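Working through the structure, step by step
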Amino acid sequence: MPVTLFSSSKFKSACAACALTLGVVAPAMSTSASAQESTSPFTLSANAAIVSDYRFRGLSLSDHDAAIQGGFDVSHESGFYVGTWGSSIESYAGSELELDIYGGYATEIGGLAFDVGLLAYTYPGSSDTYYLEVYSSIGGTAGIVDWTLGAAYVWDQDNVGGTDNIYVYADASVPLGDTPFSLAGHLAYEDGAFGDGKWDWNAGVAYAFEQFSLSVSYVDTNVSGIGKGAVVGMLSASF
């Protein structure tokens, strides 16, 4: 949130939490649906999740309570995409919903995945509470390790406290043999919103079954209060 993020006190730790940046596998479709998809240059996907605590870059935006999340994306075979994602949050400036709207371009070159885009954080029901962020990432595979390096930048905007902010992170995941389990980790540094800077990190295990994923992670930061360490669980699905 603008006021909280850009004050001494504030992702989605999606990896969104994985929003922390998570990959999912779409469920199987009927033959006719698959045929229709193969002839269309557009792909529609959706996701939904229940989390025990909505952590955005390590900080709780649900006051350490559970949250409901979900969104959808439309991508073109050229690599361009648009999407939206939302989460329930602790009441803030008259809003109990974070709604993100984004668009960008993703491609693969030489075995490396590139992604760049623009994201708008909005809070329906609040007054003039939004901000824009540009983001980019590169990812690949080294042996059995999937890795991603990324950055997000918010420039000086009137409604974000008159400062800019940079967030850089590294993610990695490793499958546990031929099982549906995997290990994942995240480390990030943020500068601007917290003066001398903020660190956040998490590590956990995930179990994938069909279009569902169940994960448990330990999330922590060097910020007290909403950034104190906690175990966070997530049940998600993709469609």
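Remarks on the pairing of strand β11 (residues 145–154)
Across nine bridges, strand β10 (residues 130–142) lies against β11 in antiparallel orientation. For T141, the partnering residue across the bridge sits in β11 and is D146. Bridge analysis of β11 against strand β12 (residues 165–175) gives nine bridges, and the strand direction is antiparallel. When the bridges of β12 are listed, T148 appears paired with D171.

Things to note about the nonpolar core
In this structure, Y54, F56, I89, Y102, Y121, Y131 and Y135 are the most contacted members of the largest nonpolar core, which totals 22 residues. Of all the secondary structure elements, the ones that give two or more residues to this core are β3 (42–51), β7 (80–92), β9 (112–122), β10, β11 and β12. The contacts of Y135, once residues within four sequence positions are left out, are Y81, Y102, G103, G104, D115, V116, G117, L118, L119, A151 and A152.

Regarding a negative patch on the surface
Together, D128, D156, D158, D164, D191 and D196 give the surface a local cluster of negative charge. Among the secondary structure elements, D156 is positioned in the loop between β11 and β12. Residue D156 is classed as partly exposed on the basis of its relative accessible area of 49%.

Focus on the environment of I166
Following the sequence through the fold, I166 ends up in strand β12. Taking the C-alpha atoms as reference points, I166 and E190, 24 residues apart in sequence, are found 5.7 Å from one another.

Concerning a nonpolar patch on the surface
On the surface, L176, F181, L183, L187, W199, W201, V205, V216, Y218 and V231 cluster together into a nonpolar patch covering about 880 Å² of accessible area. If you list the elements that add at least two residues to the nonpolar patch, you get β13 (181–192), β14 (195–209) and β15 (212–221). Following the sequence through the fold, V216 ends up in strand β15.

With respect to unusual backbone geometry
Residues other than glycine seldom take positive phi values, yet H64 does so here, at roughly 65°. Mapped onto the elements of the fold, H64 is located in the loop between β5 (59–60) and β6 (67–76). In this model, A93 sits at a positive phi of 50°, which is unusual for a non-glycine residue. Position of A93 relative to the elements: it lies in the loop between β7 and β8 (95–109).

What to know about the pattern of salt bridges
This structure, assessed with the given rule, holds four salt bridges. D53 is the salt-bridge partner of R55, the closest N and O atoms lying 2.8 Å from each other. We classify R55 as buried; its relative accessible area is 3%. Among the residues examined, D53 registers a relative accessible area of 6% and is labelled buried.

Here we look at the packing of aromatic side chains
Under the defined criterion, the tally for this structure stands at 11 aromatic pairs. With 5.7 Å between their ring centres and 85° between their planes, F56 and Y121 make a pair best called edge-to-face. In this pair, F56 is assigned in strand β4 (residues 55–56) and Y121 in strand β9, connecting sequence segments 65 residues apart. Across the pair, Y121 and F56 agree in class, each one buried. A connected cluster of aromatic rings, assembled from ring pairs, spans F181, Y207, F209 and F212. Taking NZ or CZ as reference, R57 lies 4.2 Å from the ring centre of Y167, over its face.

Details of the confidence of the model for the protein
Averaged over all residues, the pLDDT of the protein is 85; the fraction at 70 or higher stands at 82%. Predicted confidence is poor over residues 1–36, with pLDDT under 50, and the contacts of this stretch with residues over four places away or in other chains come to 100 contacts.

Parameters at a glance
- Residues numbered from 1 in each chain as written.
- Predicted model: local features only at pLDDT ≥ 70, side-chain atom pairs only at ≥ 80, totals over all residues.
- Heavy atoms only, no water.
- Pairing = 2+ DSSP bridges.
- Helix = DSSP H or I, 4+ residues; strand = E, 2+ residues; numbered from the N terminus.
- Core = buried A, V, L, I, M, F, W, Y, C linked by side-chain atoms within 4.5 Å.
- Buried < 20%, exposed > 50% of the residue type's maximum accessible area, 1.4 Å probe, protein only.
- Contact = heavy atoms within 4.5 Å.
- Patch = residues over 30% accessible without salt bridge, like charges linked within 9 Å, V, L, I, M, F, W, Y side chains within 5 Å.
- Areas by Shrake-Rupley, 256 points an atom, 1.4 Å probe, with all protein chains shown as cover.
- Salt bridge = Lys/Arg side-chain N within 4 Å of Asp/Glu carboxyl O.
- Lys, Arg positive; Asp, Glu negative; His and termini not counted.
- Charge placed at Lys NZ, Arg CZ, Asp CG, Glu CD.
- Phe/Tyr/Trp six-rings, centres within 6.5 Å; stacked < 30°, edge-to-face > 60°.
- Lys NZ or Arg CZ within 6 Å of the ring centre and 35° of its normal.
- pLDDT = per-residue confidence, 0-100.

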